[in-house]
Protein chains: 2
Amino acid sequence: MHLNTFSKDVYVSRRKQLSETMQNGLLVFMGNEESSMNYRDNWYPFRQDSTFLYYFGLDISGLVAVIDLDNNKEIIFGNELSIDDIIWTGPQPGLQELAQAVGVQKSGPVTQLVILLQQAQKSGQSIQLLPPYRPENKIKLSAWLNTTLPGIEQFISVPFIKAVISQREIKEAIELEEMHKACSISADMHLAVIQNAKPGMKEYELAAMAESIAMSHWGRVSYPTILSVNGQVLHNHYHGNTIQDAQMILCDAGAETNRHYAGDLTRTTPSGKRFTGKQEELYTIVLDAMDHAVSLLKPGITFREVHTQACIRLLSGLKQVGLVKGDPEEAVANDAHTLFFQCGLGHMIGLDVHDMEDLGEEYVGYSDILKKGTSFGWKSLRLGKTLQAGFTLTVEPGIYIIPELIDKWKAVNKLGDFINYELLEDYRHFGGIRIEDNYVINGTGSEKLGKHLPKTLDDLYAARG
Amino acid sequence: MHLNTFSKDVYVSRRKQLSETMQNGLLVFMGNEESSMNYRDNWYPFRQDSTFLYYFGLDISGLVAVIDLDNNKEIIFGNELSIDDIIWTGPQPGLQELAQAVGVQKSGPVTQLVILLQQAQKSGQSIQLLPPYRPENKIKLSAWLNTTLPGIEQFISVPFIKAVISQREIKEAIELEEMHKACSISADMHLAVIQNAKPGMKEYELAAMAESIAMSHWGRVSYPTILSVNGQVLHNHYHGNTIQDAQMILCDAGAETNRHYAGDLTRTTPSGKRFTGKQEELYTIVLDAMDHAVSLLKPGITFREVHTQACIRLLSGLKQVGLVKGDPEEAVANDAHTLFFQCGLGHMIGLDVHDMEDLGEEYVGYSDILKKGTSFGWKSLRLGKTLQAGFTLTVEPGIYIIPELIDKWKAVNKLGDFINYELLEDYRHFGGIRIEDNYVINGTGSEKLGKHLPKTLDDLYAARG
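Residues numbered from 1 in each chain as written. Chains lettered and ligands numbered in written order. Predicted model: local features only at pLDDT ≥ 70, side-chain atom pairs only at ≥ 80, totals over all residues. Heavy atoms only, no water.

**Quick notes on the overall build of chain A**
Logical step 1: Within chain A one finds 16 helices and 15 strands.
Logical step 2: For chain A, the C-alpha radius of gyration of 24 Å lies close to 23 Å, the compact-globule estimate for 465 residues.
Logical step 3: Taken over the C-alpha atoms alone, chain A extends approximately 70 × 50 × 40 Å along its principal axes.
Logical step 4: The proportion of buried residues among the 465 residues of chain A is 61%. (Helix = DSSP H or I, 4+ residues; strand = E, 2+ residues; numbered from the N terminus. Rg over C-alpha atoms; globule rule 2.2 N^0.38 Å. Buried < 20%, exposed > 50% of the residue type's maximum accessible area, 1.4 Å probe, protein only.)

**With respect to the sheet that holds strand S7 (residues 226–228) of chain A**
Residues and elements named next belong to chain A.
Logical step 1: Taken in spatial order, the three strands of this open sheet run S7-S8-S10, and their pairing is antiparallel. Of all strands in the sheet, those bounded by a partner on one side alone are S7 and strand S10 (265–270). Strand-to-strand twist of the sheet, defined as the mean angle between neighbouring strand axes without regard to direction, takes the value 10°.
Logical step 2: With six bridges connecting them, strand S8 (residues 248–253) and S10 associate as antiparallel partners. Residue pairing in the sheet places Met248 in a bridge with Pro270 of S10. (Pairing = 2+ DSSP bridges. Axes fitted to C-alpha atoms, helices over the stretch in contact; angles between N-to-C directions.)

**Structural notes on the packing of helix H10 (residues 277–296) of chain B against helix H16 (residues 457–464) of chain B**
Residue and element names in this part refer to chain B.
Logical step 1: Direction vectors running N to C along H10 and H16 enclose 125°, while the axes themselves pass 11 Å from each other. The orientation of H10 relative to H16 falls into the category oblique. Here Glu280, Tyr283 and Thr284 of H10 lie close against H16, whose contacting residues are Leu457, Leu460 and Tyr461.
Logical step 2: Looking at the contact of H10 with H16 residue by residue, the class counts come to four nonpolar, one polar and one charged. (Parallel < 35°, antiparallel > 145°, perpendicular 65-115°, else oblique. Contact = heavy atoms within 4.5 Å. Nonpolar A, V, L, I, M, F, W, Y, C, P; charged D, E, K, R; others polar.)

**Considerations on the interface of chain A and chain B**
Logical step 1: Taken together, the contact between chain A and chain B spans 64 residues of the former and 64 residues of the latter.
Logical step 2: Taken over both partners, the interface formed by chain A and chain B buries close to 5,400 Å², and the fraction arising from carbon and sulfur atoms is 65%.
Logical step 3: Per-residue buried area on chain A facing chain B is highest for Tyr39, Ile87 and Trp88 of chain A; these three make up 16% of the total on that side.
Logical step 4: Applying the counting rule to chain A against chain B returns zero salt bridges.
Logical step 5: One can count 20 residue pairs in polar contact (both at pLDDT 80 or more) joining chain A with chain B.
Logical step 6: Contributions of two or more residues to the side of chain A that touches chain B are made by helix H3 (83–89), helix H6 (135–144), helix H9 (203–215) and helix H14 (403–410) of chain A.
Logical step 7: Across the side of chain A that touches chain B, the residue classes break down as 30 nonpolar, 19 polar and 15 charged. (Buried area = accessible area lost by both parts, 1.4 Å probe. Salt bridge = Lys/Arg side-chain N within 4 Å of Asp/Glu carboxyl O. Polar contact = N/O pair within 3.5 Å; in protein donor to acceptor, adjacent residues only side chain to side chain.)

**Comments concerning the UniProt feature "domain: Aminopeptidase P N-terminal" (unreviewed entry) in chain A**
Logical step 1: Mapped onto this structure's residue numbering, the UniProt feature "domain: Aminopeptidase P N-terminal" (unreviewed entry) falls at residues 6–138 of chain A.
Logical step 2: Helix makes up 41% of residues 6–138 of chain A and strand 15%, and the two end C-alpha atoms of the span are 29 Å apart. (UniProt positions renumbered as here; feature names shortened; annotations may be inferred.)

**Details of the relation of the copies chain A and chain B**
Logical step 1: Note on the identical chains: chain A maps onto chain B by a rotation of 180° and an axial translation of 0.0 Å, with an RMSD of 0.0 Å. Such values leave the two copies arranged in the relation of a two-fold axis.
Logical step 2: A shared interface surface links the copies, since 100% of the contact residues of chain A are contact residues in chain B too. (Least-squares fit on C-alpha atoms with pLDDT ≥ 70 in both.)

**Focus on unusual backbone geometry**
Logical step 1: Of note, Asn146 of chain A is a non-glycine position whose phi angle comes to about 50°, a positive value.
Logical step 2: Inspection of the secondary structure puts Asn146 of chain A in the loop between H6 and helix H7 (158–168).
Logical step 3: Its relative accessible area of 70% is what places Asn146 of chain A among the exposed residues.
Logical step 4: Even without being a glycine, Ala246 of chain B presents a positive backbone phi close to 65°.
Logical step 5: Relative to the helices and strands, Ala246 of chain B resides in the loop between strand S7 (226–228) and strand S8 (248–253).

**Examining the pattern of salt bridges**
All names here are of chain A.
Logical step 1: Across all of its chains, the model carries 52 salt bridges over all chains by this definition.
Logical step 2: When the shortest N-O distance is used, the salt bridge between Arg382 and Glu361 registers 2.8 Å. In this pair, Arg382 sits in the loop between helix H13 (361–364) and strand S11 (392–395) while Glu361 sits in helix H13, placing the two residues 21 residues apart along the sequence.
Logical step 3: The exposure class assigned to Arg382 is partly exposed, which follows from its relative accessible area of 27%.
Logical step 4: Between Glu425 and Lys410 there is a salt bridge, and its shortest N-O distance comes to 3.1 Å. Taken together, the positions of Glu425 in the loop between helix H15 (421–424) and strand S13 (432–434) and Lys410 in helix H14 put the pair 15 residues apart, joining distant regions of the chain.
Logical step 5: The exposure class of Glu425 is partly exposed, given its relative accessible area of 30%.

**A short note on the sheet that holds strand S2 (residues 64–68) of chain A**
Logical step 1: Judged by pairing direction, the sheet is mixed, and its five strands sit side by side in the order S4-S3-S2-S1-S5 (chain A) without closing on themselves. Both edges of this open sheet fall to strand S4 (106–108) and strand S5 (127–128) of chain A, since each of them pairs with a single strand only.

**Points about helix H9 (residues 203–215) of chain B**
Logical step 1: Compared with an ideal rise of 1.5 Å per residue, which puts 13 residues at 18 Å, H9 of chain B spans 19 Å between its outermost C-alpha atoms and is within 8% of the ideal.
Logical step 2: Burial within H9 of chain B is extensive, with eleven of its 13 residues counted as buried.
Logical step 3: Those residues of H9 of chain B that fall on the buried side of the exposure criterion are Glu203, Tyr204, Leu206, Ala207, Ala208, Ala210, Glu211, Ser212, Ile213, Ala214 and Met215 of chain B.
Logical step 4: Of the surrounding elements, those touching the buried residues of H9 of chain B are H9 of chain A together with helix H8 (173–196), strand S6 (220–221), S7 and strand S9 (255–256) of chain B. (Expected span 1.5 Å × (residues − 1).)

**Considering the side chain of His292 of chain A**
Residues and elements named next belong to chain A.
Logical step 1: Looking at the secondary structure, you find His292 in helix H10 (residues 277–296).
Logical step 2: A relative accessible area of 18% places His292 in the buried class.
Logical step 3: Those residues within four positions of His292 in sequence are excluded, and the remaining contacts are Gln309 and Arg313.

**Regarding the domain arrangement of chain A**
Residues and elements named next belong to chain A.
Logical step 1: Here the domain parsing of chain A yields domain 1 (8–168) and domain 2 (173–464).
Logical step 2: Its C-alpha centre places domain 1 at a distance of 35 Å from the equivalent point of domain 2.
Logical step 3: If you look at the interface, domain 1 gives 20 residues, while domain 2 gives 17 residues.
Logical step 4: When the two sides are added together, the surface that domain 1 and domain 2 hide from each other amounts to roughly 1,600 Å², 58% of it contributed by carbon and sulfur.
Logical step 5: Taken as a group, Arg47, Ile165 and Arg168 account for 37% of the area that domain 1 buries against domain 2, more than any other trio of residues on that side.
Logical step 6: Put simply, domain 1 and domain 2 have five salt bridges between them. (Domains from an automatic or database assignment.)

**Let's talk about the side chain of Arg47 of chain B**
Logical step 1: Assignment of secondary structure puts Arg47 of chain B in the loop between strand S1 (26–30) and helix H2 (50–56).
Logical step 2: In this view, Arg47 of chain B contacts Met37, Asn38 and Tyr44 of chain A together with Asn32, Leu53, Arg134, Arg220, Glu256, His260, Leu351 and Asp352 of chain B; residues no more than four positions away in its chain are not counted.

**Focus on the packing of H10 of chain A against helix H11 (residues 303–321) of chain A**
Residue and element names in this part refer to chain A.
Logical step 1: Between H10 and H11, the shortest axis-to-axis distance is 9 Å and the interhelical angle comes to 155°. If you check the angle between H10 and H11, you find them roughly antiparallel. Seen from above, H10 lies across H11 with right-handed handedness. On H11, the residues touching Glu281, Leu282, Ile285, Val286, Asp288, Ala289, His292, Ala293 and Leu296 of H10 are Val306, Gln309, Ala310, Arg313, Leu314, Gly317, Leu318 and Val321.
Logical step 2: Each residue belonging to the contact of H10 with H11 can be placed in one class, and the counts come to eleven nonpolar, three polar and three charged. (Left-handed = near helix turned anticlockwise from the far one by under 90°.)

**Focus on the pairing of strand S11 (residues 392–395) of chain B**
Residues and elements named next belong to chain B.
Logical step 1: Residues Thr392 and Thr394 point to one face of S11 and Leu393 and Val395 to the other, with burial holding for every one of them.
Logical step 2: Relative to strand S14 (residues 437–441), S11 is paired through four bridges, and the arrangement is antiparallel. What sits directly across from Thr394, in S14, is Asn438.

**Quick look at the pairing of S10 of chain A**
Logical step 1: For S10 of chain A, a buried count of six out of six residues is recorded, marking the element as mostly surrounded by other parts of the structure.
Logical step 2: Where burial is concerned, the two faces of S10 of chain A agree: the one with Leu265, Arg267 and Thr269 of chain A and the one with Thr266, Thr268 and Pro270 of chain A are both buried.

**Focus on the environment of Val294 of chain B**
Residues and elements named next belong to chain B.
Logical step 1: Looking at the element boundaries, Val294 is found in helix H10.
Logical step 2: The exposure class of Val294 is buried, given its relative accessible area of 18%.
Logical step 3: In this structure, the C-alpha to C-alpha distance between Val294 and Lys448, residues 154 residues apart in sequence, is 9.1 Å.
Logical step 4: Apart from residues no more than four positions distant in its own chain, Val294 is found in contact with Val395, Tyr439 and Ser446.

Below, the structure is given as structure tokens:
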């Protein structure tokens, strides 16, 4: 069995940095278990917890790690295979061997962890958890800590959360290598869709094509694929439609490398050789907003500002088409853009496609001084805070024509000074366009992650052949 | 949104039959929820509970259904989408519309279910559950029934379990159609592996090829694919090896149709154009045992007997090669076959690849009079009971040369009268062979499910080109 970890120094050094930040307490890292599909032993593909992977590297189910800062100990807990297990699984490295592969000196059975936690509680040692998101881990923690399920909350440590985020958000060189790889595989997934899409095909046939490319690199998709002729439906995982002439196919899909780094790309492709005139017009507006947003990326700017500028650019373009009226800047200040672009311009990405979302968006995407908005549109902007070199993030502007939303706004002539509702009726069944790439912030600006993937009309049409 | 259910009469009639069997009580059917991968909102592909699918058809997360036999009511509980949700998901059918699509008259929010359960507890009505296998459903049930997690056990109803099994184990014509489809897609998955495998490829490249075929039919794999040059490792989901000359590639993979019926096929393919001499010899023995087992399938025979006869046939073949000594029947009576064939000849299959395994193997595969064995080998035979027309099952004999097991037996000369340990050393690194197809028991014998897939040496070699 090949463990597929980085060198042990990587993990030793990450834990050293965390330990120096935290200084004391008993830090608990819950690894994930297998997840059942339709009965206990029929499993989804195993996905290890990302923070566990970051500090302990072991892509194996049923492990828990602790860093006991008060007693200067690191221990990985798990259960050894029996001789019967080995007959079914082949010879496997023992727990102690696994621990040493990632520079951890001690290991033990889970029963010892329970004793350790109970002793810590008795002695008043501070037990610190990250927010659990898997129900089986909640059940285990509640039993081990002798508390109710809501009672786990008292052990969740904001300083621990913040310390982890401050490390994980700045990508190391070896991580950027994985991110480039994830984005290049993702680009190949999209290229297959761009080159093969045609009227008469089922959406699921194209999705299968894309996903098989992720798998053929020993990885998987980093999130459920969106591949739809109804790109305006933002949370759309239905793949049952037959592709028709003159439609747009929005594909939002990404690969996860076998070290679990994520790519997250979107392309919108004409079902025929070319977009229709209307489609070309709005595609160009989205692309222009994207280029503008990317040109602004650099350390020191808030992503909230980049989002705002991209929205202004979107509305400027829509004004030229006649769908928007008045001053684009004023329109955005009044949230008029949220009729067309209801979500955020991007989010952090890394070991998770929404990186560290389990730790809380208020810490990952915002800060003590910059809080997330609560109004429509702004509440969906996952990233707002000041960019730093080493951040990896998505940029994904779009235009989504959502009939239900138009009807809701039009009924009260909402922001009627900025919206041309009459002309908008002509676009009622237009659909949705999104373009998305991933970037790393460097010293002076940004660099796109992964290989080239057609994005301009010329490139896209050339790839369509 | 296309619901992809059978006609509503199918579900009405299934529930009618169940209600007639059970007569009273409050039957609770827990639908599944979305399963989180690396943070709450990043989901694995949704998999509905199979019993919920069987009686209520709705392939949608977060539903619970009840049949209240004492008050002659059927109700589906779930939560309606808000207008905000609809903006993100597009217009969706309401809960009442969903319920009516499967012939259920009443629906309501989950809060009403909680009240119903509490009233039932107060009034002493018998609340009957099937065994929950998802941790989130255990958490919900424990809250709703005001009990501890182990306390849920008291509500699990053996009569309910048996009633469900007695229905689900006899496949209807519309189900057999789905099973044929599942097995035909599975056959295409295997054909791709047989035709494309060659030295130098990675196992995961072949696995990706197979899985993409399942997806290209709007389905998925029905269980984690085994594709390995180490076929002797029975629970082997590692796909990282490079295929070498003169190896055998064991692929155990199956499709799940978009109505969630499973196929489960295995083929063992030479990495080159032909097997080696030794490989051919043992392949032929497995194939002969399989043909013999299939010839015995018919209503009235126990699958335990079919398994026993297949084992005798395997050992007869191995005796001809010289690996086994003495009388094959006596050897099997002494469990000598378990050195080569450690698992069972097959299992029930249907909506689950191990059909109804969540309900308990003692009820699905055995009966009040025929209990499962507890010794090595026999404890892994999932199906033992008397076959009936309408059963669908797998037949999957194999020979697995497991060095760790040989060493364990040889050290004490276990069953030395039957095993030629000296010759066995020549086979120490032989690997493993399995051949598997799926069958439906009919009035007089059995019928193979799905399209033809090469299995004889001639067919296999012809497909290798």
